[in-house]
Structure formats: structure tokens, C-alpha cells
Amino acid sequence: MKLFLFFFIIGHAFAAIPTKEQQFADSLLIVLSNASRPDVRPGMVVASPSREAPNYYYDWVRDTSLTMKSLIDYYEITKKSSIKSKIVQWVYAEEYRQNLPTFSGLGEPKYNIDGSGFTGAWGRPQNDGPALRALAMIKFARILLKEGDSDLIFKTLYHGHLPADSVIKKDLEYVAHHWRESSFDLWEEEKGMHFYTLLSQHVALQEGALFAQEMNDLGASEFYQQESIKIGQFIKDHFLDERVGLLVSIERSSTLGYKNSGLDIAPLLGLIHTSPYQNLFRLNDPFVVVYVKSLIKSFADLYAVNRLYNDLGISLGRYPEDRYDGYQTTKTGNPWFLSTMALGEYYCQLKKQLKQNPKKQDDLIEKQFQRVLFHSDREGHLSEQFHHENGLMQGAVDLTWSHNSFMTAMMSCGFIR
Ligand code: NOJ
Ligand code: NOJ
């Protein structure tokens, strides 16, 4: 076994590292394949093709919303009709599942591949889902409006009726009425109030208010706007921290027991997932800067791969105390592709904001991409994680979210035109 691993690592070290553009093309194909499984309800996306160890053959509202957001960005650039059809299919799949009874209503995090809610024990509700879905749908609706293609909007996406019976408005109503309630975090582990969830909700309602106004739903627009402001204030009042900059969670009622540093990649994900709309924090805000520094320092020290290949960017995981190794929660956590890529995307967005020292920023950006490509299998595949010591991929194979994080980073850095 040891010998096998040895040859595997040696073989891996000699395989040519793909270019960013090659990886983008492969990631797009894999995302589309995970979004077009013959045994899955059309429009739904499996989190990974892996059906056991771990079984990720389900559709998570969060993963799917983020995936569709990246396809919508890609459609905006390329105007490929096949991509548009995929997005339209997704709109109908969401309409279908929004109207099914589930344990936690629209906060239900995970669905079976036939579209029905998962009924096993799970961390529910997860209230980031409806916010992320609304953000992606609003972006799509705006593109449709520009194209003069408003049929889908008025039939399915938005109208002012109450109780809400259109996809976007249902989510906005849910967010506006439930944001004060505690829910499980995006890692599905701790119940409380979370920076990531709240920032998604804040921005969804902010954009929702603007969109409602465009749809001439003026009373609702004002209501969404007010709730959005309250959420923004709540974040500013409770999540700023001298030590780690931005806190991950507060008011925790159900905890892992070993997660105590307050430091997590989730706020960084929140900042980039709500870009370009969020304007609560500038990316060079002193608290954000302290936070990103703390993240880098903590993971740089934690993972041996960061010391071994120190000419590459920093490998980041979910949070320093993580014990989920992609199979079990009794081990040492690993770096994740989507976390590592998030830092690269952050650098790109920061570069746009700072307009100074572009060479230094370009260097940091390139190194993050090279880190991700280095730990891939170099044939286009990206699992959920890579091992903190030997650097080899592990956890769910071809995690859709790993691939779409690569795609959004490429697009947001301006590498895809
Ligand atoms: C699956 C969850 O999605 C993941 O976040 C968690 O760490 C593991 N289960 C272990 O609880
Ligand atoms: C586990 C992750 O913690 C969670 O964020 C994700 O939604 C699921 N896996 C599915 O990818």
C-alpha cells in the first residue's frame, strides 16, 4: 500500500499541470454533466457523482444556487443557448420543489434526486439557501429583461401576488420573515446566527428590493429594503472582532464542541458570493484585512502541504478545528479546493478595488490558481479536498462546487471573455 502511494505520488509529480483555461473547460464540462444526470429530475444538480463514501448524490439548494450563478455568469459572457436552456430547466425544478412539503419549508437544505425533500436526520433548516437562490434568479431575470424575453419572468419568476406564488418572491418573503431565526451553517454542523447566511440574506433583500421596484411591486420593495438594512446593522453590531476580524457564528445553540477559534472561511465565501452587489464591507476594510490575514496565518501553519510547496499559494480549509476528512468526522481536516480558490477570487476583486500594486496582486492571484491546479489530478478532476500532508485529492469526487468555484474565480478575474 505504501509502495503504491509512493508511485502514485511520483506519477502525479510528473503529470503536466493543465493551464487555467484547460481546467476551466474541463470544469464547465463536469458541472454540466453533474447538472444533466439521466436518473435525476431535469434542472437539478448532484453535489457530486459519488454515491457512497461519501454519498453526495443529492441536490443541495446552496450548491445548486452557486452552480447556477456561475452558469448564469458564463451565459452572460457567451450567450450560448444550450447554457440558457439549462438555467431555464433549473428555474422550473426550483418552482417544483418550492411547492413540495418538506420538514423545514424553504429552509430545507437537501433534496432527493426525484425532487422530493430528504427526510432523514439532517442539520435543518439552512437559511442561506433561499437567499442564494434568489440572488442567482434575480441575476438571470435581469438578463432576460435586457434580452426582451420577459415571458418567463412574469409567468414564473416574479409577480407581486401575496401569498407569494412566484419563485423569486417566495424566497424573498421567506428571507424577510425568517432571517432572525437561527439555522444551521453552510457546513451543516452548527446552529446559530452566521455571518455567511446573514450576508447572503442582506444582499438578497437589497437586490430583491431593487428588483421588486422594477417589477412595480413598491410596497414589497420598501419592506425588503428595510429588512435588508436591519440585517446589515445586525452584522455590523455582532460580527466584528478585534482578534480574527470577522466572526463566523454567534448565538450558537447546537455546536460541535471543538470549534472555538471563531475563524472560518465562510465569511470570505460570503463576501465573494455576494459580489458585486454587497457594499457593507470594502474588501480592504480593516476588519476584512485582519480576517484574511488570520485565515492565511492559521492555515499556513496548519497544513504541511503549505510548507512543502511554498512557491504556490496557500491551501485553505473550512476552519482550523475541522475534523471532517471527506469521509469521516473523527480525523484531521484538510484543505478544500473551493476555499483555496476563494482566496484567489478575493485577490482578484481586491485588485479591482485597490488599483495599486497590480503586479503584486497578479502574483498572488496566479499562485492561488497554481495551488489548485497542482493538487488536482491534472486531468481536469477536482474532488472536495486534498490531503494536508501528501497533497492528494480526497473526499467526494468531482464536487460540483469545487468546479464552479474554479469557474467563478476565472470569470471574476477576467480570464474568460
Ligand atoms: C456532512 C456535512 O455536510 C459536512 O459539512 C460535515 O462536516 C459532515 N457531514 C460530517 O458531519
Ligand atoms: C458538505 C459541505 O459542508 C456543505 O457545505 C455542502 O453543501 C455539502 N457537502 C454538499 O456539497
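Because the structure is a prediction, the values reported are computed rather than measured.

Turning our attention to helix 9 (residues 218-238). Taking 1.5 Å per residue as the helical rise, helix 9 with its 21 residues ought to reach 30 Å, and the 31 Å between its terminal C-alpha atoms agrees with that figure. Among all positions in helix 9, only A220, S221, Y224, E227, S228, I231, G232, F234 and I235 are buried. Here the buried residues of helix 9 occupy an arc of 160 degrees about the axis, which is enough to place them on one side. Exposed residues on helix 9 whose side chains face more than 90 degrees from its buried face are G219, E222, I229 and D237.

Here we take up the nonpolar core. Membership of the largest hydrophobic core comes to 113 residues, with the highest contact counts inside it found for W187 and Y346. Top contributing element to this core by residue count: helix 5 (residues 128-147), with 11 residues. Counting residues in hydrophobic clusters, the runner-up holds seven residues, among them V40, V46, V61 and Y111.

Once that is clear, we can look at the site of ligand 2. Around ligand 2 sit A47, Y56, W60, R62, D63, L186, W187, E188, R318, L399 and W401, and that is every residue in its neighbourhood. Within the side chain of D63, an N or O atom sits 2.6 Å from an oxygen atom of ligand 2. The separation between an oxygen atom of ligand 2 and a polar side-chain atom of R318 is 2.9 Å. For ligand 2, the protein covers 97% of the area, taking 290 Å² as the surface of the free molecule. Placement of ligand 2 is best described as lying within the second largest pocket.

This part is about the site of ligand 1. Near ligand 1 you find W187, E188, E189, R318, Y324 and T329, and these make up its full shell. The separation between an oxygen atom of ligand 1 and a polar side-chain atom of E188 is 2.3 Å. Note that an oxygen atom of ligand 1 is positioned 2.5 Å from one of the side-chain N or O atoms of E189. The protein chains hide 74% of the 290 Å² of surface that ligand 1 would expose on its own. The site holding ligand 1 turns out to be the second largest pocket. Of the residues belonging to the shell around ligand 1, the class tally is two nonpolar, one polar and three charged.

This part takes up the sheet that holds strand 7 (residues 249-254). Sheet architecture is open: three strands sit in the order 3-4-7, paired in antiparallel fashion. Since the sheet does not close on itself, it has two edges, and those belong to strand 3 (183-184) and strand 7, each with one partner. For strand 4 (residues 191-194) and strand 7, the ladder comprises three bridges, and the chain directions are antiparallel. Paired with M193 across the bridge in strand 7 is I250. Across the sheet, helix 8 (residues 195-214) lies against strand 3 and strand 4, angled at about 50 degrees from strand 4, the strand it touches most.

Between helix 7 (residues 167-178) and helix 9, the shortest axis-to-axis distance is 10 Å and the interhelical angle comes to 45 degrees. By the angle between their directions, the pair helix 7 and helix 9 is classed as oblique. The two elements helix 7 and helix 9 cross, and the hand of that crossing is left-handed. Between helix 7 and helix 9, the residues in contact are K169, L172, E173, A176 and H177 and A220, F223, Y224 and E227, respectively. In terms of residue class, the contact of helix 7 with helix 9 is made up of five nonpolar, one polar and three charged.

Thresholds applied
Residues numbered from 1 in each chain as written. Chains lettered and ligands numbered in written order. Predicted model: local features only at pLDDT ≥ 70, side-chain atom pairs only at ≥ 80, totals over all residues. Heavy atoms only, no water. Helix = DSSP H or I, 4+ residues; strand = E, 2+ residues; numbered from the N terminus. Expected span 1.5 Å × (residues − 1). Buried < 20%, exposed > 50% of the residue type's maximum accessible area, 1.4 Å probe, protein only. Arc of directions from axis to C-beta. Core = buried A, V, L, I, M, F, W, Y, C linked by side-chain atoms within 4.5 Å. Near = heavy atom within 4 Å. Polar contact = N/O pair within 3.5 Å; in protein donor to acceptor, adjacent residues only side chain to side chain. Areas by Shrake-Rupley, 256 points an atom, 1.4 Å probe, with all protein chains shown as cover. 1 Å grid on protein atoms, 1.4 Å probe; cavity = no way out; pocket = protein on both sides within 12 Å on 5 of 7 lines; lining within 4 Å. Sits in = over half its atoms within 2 Å of the grid points. Nonpolar A, V, L, I, M, F, W, Y, C, P; charged D, E, K, R; others polar. Pairing = 2+ DSSP bridges. Contact = heavy atoms within 4.5 Å. Axes fitted to C-alpha atoms, helices over the stretch in contact; angles between N-to-C directions. Parallel < 35°, antiparallel > 145°, perpendicular 65-115°, else oblique. Left-handed = near helix turned anticlockwise from the far one by under 90°.

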